[in-house]
Amino acid sequence: MNWDDARMLLALSREQTLRRAARLLRVDQATVGRRVAALEADLGSTLFLRTPGGYQLTAIGEVAVEMAQKMEHAALELARRTRGADNEEAGEVRIATTDSLAHEFVIPALRALRQSHPEVRVVLSGGSDIVNLSQRETDIAIRNQRPDSPDLVLRKLASWQMGLFAAEDYLQRHGLPQDGSFAGHDLVVYEPYWRGQAQPTLVDVPISEGRVVMAANASMLLRRAIHEGLGIGEIPLELGQRDGLRRVWPQRTRAQPYEVWMVTHQDLRHTARVRAVIERLVAAFE
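What you are looking at is a predicted structure, and each value in this text was computed from that prediction instead of being measured.

> Please explain the overall build of the protein as it appears in this structure.
Secondary structure assignment for the protein yields 10 helices and 14 strands. Projecting the C-alpha coordinates of the protein onto the three principal axes gives extents of approximately 70 × 50 × 30 Å. Counting the 286 residues in the protein, one finds 42% classified as buried. Residue pairs in contact within the protein that sit at least 24 positions apart in sequence constitute 75% of those at least 6 positions apart. Accessible area for the protein stands at about 15200 Å²; split by element, carbon and sulfur atoms hold 47% of it. Of the charged side chains in the protein, 36 are positive and 37 negative, and the gap between their average positions amounts to 2 Å.

Printed below as a string of structure tokens:
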């Protein structure tokens, strides 16, 4: 088995459909199907069962995947160590972050980076999905969740209090809510938190008396909804002030602040181009 075949095998075992595996590998579906079929022929074993629910590993397929994972680990380790030894301030650096943080901090940092390091190219991914640095899905991640892997290097970029905000237009139409109660008011909420809590709150006040009119899975969408006057929402004070929103119940904040963490793999932290990007990102948040 060569490494290219191992990549096909691992992708299809994880994604379970040719379409998703092809998208992950950035090839077409026919290539994945052809390579997996050729691998099965070379090994003389059926690795997958084709079912209505997708490709399911056979018993021997599970053994093959276990061996392929060892190849993957060695390949990733090789890539990390060779990238980490690079002293050139040039080349590609991948950053994964949320849409709001990219808009407010990362992209302005890249403008400064462009002036000081014109040979560094950045691939920026925005979204709420958690990326895997150990799998080399990105070089630098900026998130509001602190990972606990010992292979990662962490740096706290910010710790913001969370507050309630609304647009002036909304408050003119609905007035201020009575302190401690959302009765009679429209709310916009962060969808993953709202779905995941038995008794969701905003600034630690239960929202059961209010009306959830919109749930968003990205902070930029939530901020825009508040700005457009859809309802009252909870966002970091730093971002609410940047958006020119009116703070509701200034005396109340959420007990848990919104923390921003920058994460990279320890094998990459001394790479010249990665270090240059990190310095600009730190400066942007300062």
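> Can you help me understand the pairing of strand S4 (residues 120-126) in this one?
Relative to S4, strand S3 (residues 91-97) is paired through seven bridges, and the arrangement is parallel. Of the residues in S4, the one forming a bridge with Arg94 is Val123.

> So what exactly am I meant to see when it comes to the sheet that holds strand S6 (residues 152-160) here?
Whether parallel or antiparallel, the strands of a sheet pair through hydrogen bonds between backbone atoms. Pairing in this open sheet of five strands is mixed, and the strands run S4-S3-S5-S14-S6 from one edge to the other. Looking at which strands have only one partner, the edges of the open sheet turn out to be S4 and S6. When the angles between neighbouring strand axes are averaged without regard to direction, this sheet yields 20 degrees. Two elements, strand S5 (residues 140-143) and strand S14 (residues 258-265), share four bridges in a ladder whose sense is antiparallel. Following the sheet pairing, Ile140 is matched in S14 by Thr264. Sitting on the sheet, helix H5 (residues 99-116) touches S3, S4, S5, S6 and S14, and the angle it makes with S4 is about 175 degrees. Taken strand by strand, helix H10 (residues 272-285) contacts S3, S4, S5, S6 and S14, and its axis lies near 40 degrees from that of S3.

> I keep staring at H10 and nothing clicks. Help me out?
It helps to recall that an α-helix has 3.6 residues per turn; residues three or four apart then point in one direction. An ideal rise of 1.5 Å per residue puts 20 Å on 14 residues; H10 measures up with 21 Å between its terminal C-alpha atoms. Of the residues making up H10, those classed as buried are Ala272, Arg273, Val274, Ala276, Val277, Ile278, Leu281, Val282 and Phe285.

> Got a minute to help me understand the sheet that holds strand S13 (residues 246-248) in this structure?
Taken together, the three strands give an open sheet; going across it, the order is S12-S7-S13, and neighbouring strands pair in antiparallel fashion. The open sheet has two edge strands with one neighbour each: strand S12 (233-236) and S13. For this sheet the average axis-to-axis angle between neighbouring strands, irrespective of direction, equals 55 degrees. Where strand S7 (residues 162-166) and S13 come together, three bridges link them in antiparallel fashion. Its bridge partner being in S13, Phe165 is matched across the sheet by Arg247. Along the sheet, helix H8 (residues 219-227) contacts S7 and S12; its crossing angle with S12, the most-contacted strand, is approximately 125 degrees.

What counts and how
Residues numbered from 1 in each chain as written. Predicted model: local features only at pLDDT ≥ 70, side-chain atom pairs only at ≥ 80, totals over all residues. Heavy atoms only, no water. Helix = DSSP H or I, 4+ residues; strand = E, 2+ residues; numbered from the N terminus. Buried < 20%, exposed > 50% of the residue type's maximum accessible area, 1.4 Å probe, protein only. Contact = heavy atoms within 4.5 Å. Areas by Shrake-Rupley, 256 points an atom, 1.4 Å probe, with all protein chains shown as cover. Lys, Arg positive; Asp, Glu negative; His and termini not counted. Charge placed at Lys NZ, Arg CZ, Asp CG, Glu CD. Pairing = 2+ DSSP bridges. Axes fitted to C-alpha atoms, helices over the stretch in contact; angles between N-to-C directions. Expected span 1.5 Å × (residues − 1).

Keep in mind these numbers describe shape, not what the thing actually does.
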